[in-house]
Structures are given as structure tokens and as C-alpha cells.
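Below, each chain spelled out in residue letters.
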Amino acid sequence: MILQSRFRLSVAVLFTVLIASSLVALSEEPSKGKWSAPAAEAQKKNPVATNESSLAAGHKIYSKTCAMCHGKSGDADGPAVIELNIHPAKLSDPKLATESDGALFWKVTTGKKPMPAYGKRLSDTDRWNLVNYVRTLPKR
């Protein structure tokens, strides 16, 4: 049970780092090494409709892998923040809207150190559902 909890915490922390990197990249100038998705990836359209089913699935994934750091409402105030001394991205920030669905999907899929890639950990549909759900956080 403790190992399972630690594994979940580790996954949540790693996911947090990825999202934080995405949001930091939004405010960086290109000359400072902005992390941008390749144009073809950023232009990908989300094939999963934003509906009640998708949002429920995305919320479930978020709750299991993201909320420990990002907090239930995306305010970067999850219980792991103090223990791990991290500063996760504030997913409730309206600036998240400047990232395309394709860019967010690509970043979650490929990862960037220290964030692992979730391309093999979550299905395509799960990652698109997560993108749909994260989009709702600035509106909550």
C-alpha cells in the first residue's frame, strides 16, 4: 500500500513538472529556449469531443496523477507541494488557453526532463481526455 502511494506520488510529481514546463515556456522568449511543440504536432486537432464522458474520464486521470501537486482546482496547492518542495504550474491560469490542444498533448506524450513521457503510460484517448479536462480548470 505504501509503495503504491509512493508510486502515485512520483507519477503526480513527474506530470506536474511537465505541465509546469509547458506554462513556463509560455512566458519565455524564443531566445531563452522556449519548449515548443513541433508545428505539425501543435496543429493536431483533438479527436475526442469535449463532452460529459470525456471530462469525467479526464477528471479521473487528473485526480490520480495531477491533483496531489496541482491541487483539486489547478491552483498549484496540492498536498505534495510542501513535502516535495516543488512549484507546480498553476493550471487554473487563463494563460493555459494560449497552448493548443495538440501542443499540450505532445508535451504530455513526449515529456521533457525531468518529466517522463506519458506516451506509453496513458493511452491516446486518456491523454486527449486529460487535455479536455485541464481546459476546464481556468473556468472553475
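Higher on the page you've got the structure.
Residues numbered from 1 in each chain as written. Predicted model: local features only at pLDDT ≥ 70, side-chain atom pairs only at ≥ 80, totals over all residues. Heavy atoms only, no water.

Caption draft 1: How the structure looks around the pattern of salt bridges. Under the defined criterion, the tally for this structure stands at four salt bridges. Between E41 and K44 there is a salt bridge; the shortest N-O distance is 3.1 Å. You can call E41 partly exposed: its relative accessible area is 22%. Residue K44 is classed as partly exposed on the basis of its relative accessible area of 39%. With a shortest N-O distance of 2.8 Å, D101 and R135 are connected by a salt bridge. In this pair, D101 is assigned in helix α6 (residues 101-110) and R135 in helix α7 (residues 124-136), connecting sequence segments 34 residues apart. On the basis of relative accessibility, which here comes to 23%, the residue D101 falls in the partly exposed class. (Salt bridge = Lys/Arg side-chain N within 4 Å of Asp/Glu carboxyl O. Buried < 20%, exposed > 50% of the residue type's maximum accessible area, 1.4 Å probe, protein only. Helix = DSSP H or I, 4+ residues; strand = E, 2+ residues; numbered from the N terminus.)

Caption draft 2: Focus on the environment of D124. Tracing the backbone through its elements, the reader meets D124 in helix α7. Given the relative accessible area of 48%, D124 is considered partly exposed. Sequence spacing of D124 and V48 is 76 residues, and the spatial spacing of their C-alpha atoms is 9.7 Å. A polar atom in the side chain of D124 sits 2.4 Å from the side chain of R127. (Polar contact = N/O pair within 3.5 Å; in protein donor to acceptor, adjacent residues only side chain to side chain.)

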